[in-house]
Amino acid sequence: MSTAPDPEIHWRPTVVEVDVAAFMRNVDTVRGMLPPGSRLIAVLKADGYGHGAVQLARACSRHHVAMIAVSLLEEAMKLHEAAVDIPILVLGPLTAHQIELAAEYEMVLGITGPEMLDAVAAVATRRRRPVRVHLKLDSGMGRMGLVESDLAEAATILTHAPFVQLDALYSHFSTASEPHSAHTSLQIERFRQMAERLRDLGVHAPLDHMANSAATLRAIVNPGDFVRVGMLLFGGEPIDGTRSGLEPVMRWTTRIARLKTMPPGSPIGYGATWTTPRDSCIATIPVGYADGYPYLLSNNADVLIRGRRAPIVGRVSMDLVTVDVTDIDGVALGDEVVLLGRQGDEIVTAEELAGRSGTISYEILCGVGHRVPRTYIGG
Ligand SMILES: *Cc1c(COP(=O)(O)O)cnc(C)c1O
């Protein structure tokens, strides 16, 4: 949720700070990567990758962003209720009932298969009002979209549904983060062939879009095509080691809640998986796996305190984490602890936490729990 802490109430000190100005600079940096005529569809699914979709969407205008894409109707409705006036593309899939609602609220619908196209055509015909759609072609991801054998049926539906307005064809890359991927080339070729086949069947779309963050970074974008970019806007690295001037947007912090000195041989945390090897200063911080701080970071990550790295010791608990701060000069109760983001000259990136916990940066960002309040700066 995007509940800013009420300054009158003393909430827990564990918060996410979202730098809206950095997000907007990333939007501009990504726009600068695009070829002539191309525009950005900002992907803000999963509550803007955990940052807060409404706040980030409000910072954008139609000048910056052609559309906002989300996965769920619920996500689209939240933006609608927040009076976001940028067209919203719902990637889906949607249920039959959701298609009715989405049409009513004039969402642009990603068509995930012939059954959905049929359902949308029925709704549009009954309402006698246009429903705008983007038709997804499965060029090699294998999840959603029309496959070759669906094309004739889709063309028949479309040519008999005057209220279905086909704005775009699109597809999604599965290996664009890999260098020189033959599969990416194959997907581009398949997409071209499927679009051509649809044209032969009398179906024309004015616009194409294929590229995600990785493909945009690799400049695999035809002039005039739109791009659907999520991760780059949050300063993440969709390709290992390539940051391209993008800035992390999320800073996740807490404060030291308990500080104690322990003699050598003191076991710390569940399972007593770590024992003080010397006279140690142990800090306890009020965050845990229930907040999305991965259990797999037990004995396996650093946090930042006073601009320096300090190791997590013992297991990550549901609500608490313990840190060895013996080597942090001047450490004090209430010191800021950075779990993710920058402090002084040091930074902990989502990629670092992901690498240590065997996941991807996307899951780290989306996983920051709803009970961690988001605050917005620079907006
Ligand atoms: C999530 C998603 C994107 C954005 O992916 P990034 O790697 O974050 O840029 C683009 N297209 C579709 C269909 C998606 O589901």
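Please read all numbers here as calculations on a predicted model, not as lab measurements.

Q: Please clarify how the site of the ligand should be interpreted in this entry.
A: For the ligand, the full set of nearby residues is V43, K45, Y49, H172, N212, S213, R228, V229, G230, M231 and Y362. With respect to the ligand, the side chain of K45 contributes an N or O atom lying 2.6 Å from an oxygen atom. In the model, a nitrogen atom of the ligand is placed 2.8 Å from a nitrogen or oxygen of the R228 side chain. Bound to the protein, the ligand loses 91% of the 390 Å² it would expose on its own. Under a 2 Å grid-point criterion requiring more than half of the atoms, the pocket assigned to the ligand is the largest pocket. Put simply, the parts of the chain that give the shell around the ligand at least two residues each are α2 (45–49) and β9 (227–229). Grouping the constituent residues of the shell around the ligand by class yields five nonpolar, four polar and two charged.

Q: Looking at this model, I keep getting lost on empty space enclosed by the protein. Mind explaining?
A: Left-over empty space is what a probe sized like a water molecule reveals as it rolls over the atoms. As enumerated under the stated definition, the model contains one cavity of 30 Å³ or more in all. There is about 100 Å³ of room inside the largest cavity. Listed by contribution, the elements that provide at least two residues to the lining of the largest cavity are β18 (336–343), β19 (346–348) and α10 (350–357).

Q: Looking at this structure, I do not really get the packing of aromatic side chains. What am I missing?
A: Centre distance and the angle of the planes are the two values used to describe a pair of aromatic rings. Counted according to the given criterion, the structure contains five aromatic pairs. Ring plane angle 85 degrees and centroid distance 6.1 Å describe the contact between Y289 and Y295, whose orientation is recorded as edge-to-face. Grouping aromatic residues by their ring pairs yields a cluster made of F23, Y49, F234 and Y362.

Q: How should I be thinking about the environment of H172 in this particular structure?
A: Within the fold, H172 resides in the loop between β7 (164–170) and α8 (182–200). A C-alpha to C-alpha distance of 8.2 Å links H172 and L137, two positions 35 residues apart in sequence. If we skip the residues at most four places from it in the chain, H172 touches K136, S139, M141, R143, Q187, M210, N212 and R228. A distance of 3.1 Å separates a polar atom in the side chain of H172 from a polar atom in the side chain of R228.

Q: So what exactly am I meant to see when it comes to the sheet that holds strand β8 (residues 207–209) here?
A: Taking strand neighbours across the sheet as the criterion, the eight strands line up as β8-β7-β6-β5-β4-β3-β2-β9 in an open arrangement whose pairing is parallel. Looking at the sheet topology across the chains shown, the edges are occupied by β8 and β9. Mean inter-strand twist for the sheet, computed between neighbouring axes without regard to direction, equals 30 degrees. Here strand β6 (residues 131–136) runs beside β7; their pairing, made up of six bridges, is parallel. Bridge pairing links R132 to Q165 in β7. The strands touched by helix α4 (residues 73–81) within the sheet are β3 (67–70) and β4 (88–90), with β4 carrying the most contacts at an inclination of about 165 degrees.

Q: What is the right way to read the state of the cysteines from this model?
A: Disulfide: a covalent bond connecting the sulfur atoms of a pair of cysteines. Per the counting criterion, the structure on display carries zero disulfides. Unpaired in this structure, C366 has its nearest cysteine sulfur neighbour in C60, at a distance of 17 Å. You can call C366 partly exposed: its relative accessible area is 36%.

Thresholds, definitions, all that
- Residues numbered from 1 in each chain as written.
- Predicted model: local features only at pLDDT ≥ 70, side-chain atom pairs only at ≥ 80, totals over all residues.
- Heavy atoms only, no water.
- Near = heavy atom within 4 Å.
- Polar contact = N/O pair within 3.5 Å; in protein donor to acceptor, adjacent residues only side chain to side chain.
- Areas by Shrake-Rupley, 256 points an atom, 1.4 Å probe, with all protein chains shown as cover.
- 1 Å grid on protein atoms, 1.4 Å probe; cavity = no way out; pocket = protein on both sides within 12 Å on 5 of 7 lines; lining within 4 Å.
- Sits in = over half its atoms within 2 Å of the grid points.
- Helix = DSSP H or I, 4+ residues; strand = E, 2+ residues; numbered from the N terminus.
- Nonpolar A, V, L, I, M, F, W, Y, C, P; charged D, E, K, R; others polar.
- Points joined across faces, edges and corners; volume = space filled by probe spheres on them.
- Phe/Tyr/Trp six-rings, centres within 6.5 Å; stacked < 30°, edge-to-face > 60°.
- Contact = heavy atoms within 4.5 Å.
- Pairing = 2+ DSSP bridges.
- Axes fitted to C-alpha atoms, helices over the stretch in contact; angles between N-to-C directions.
- Disulfide = S-S within 2.5 Å.
- Buried < 20%, exposed > 50% of the residue type's maximum accessible area, 1.4 Å probe, protein only.

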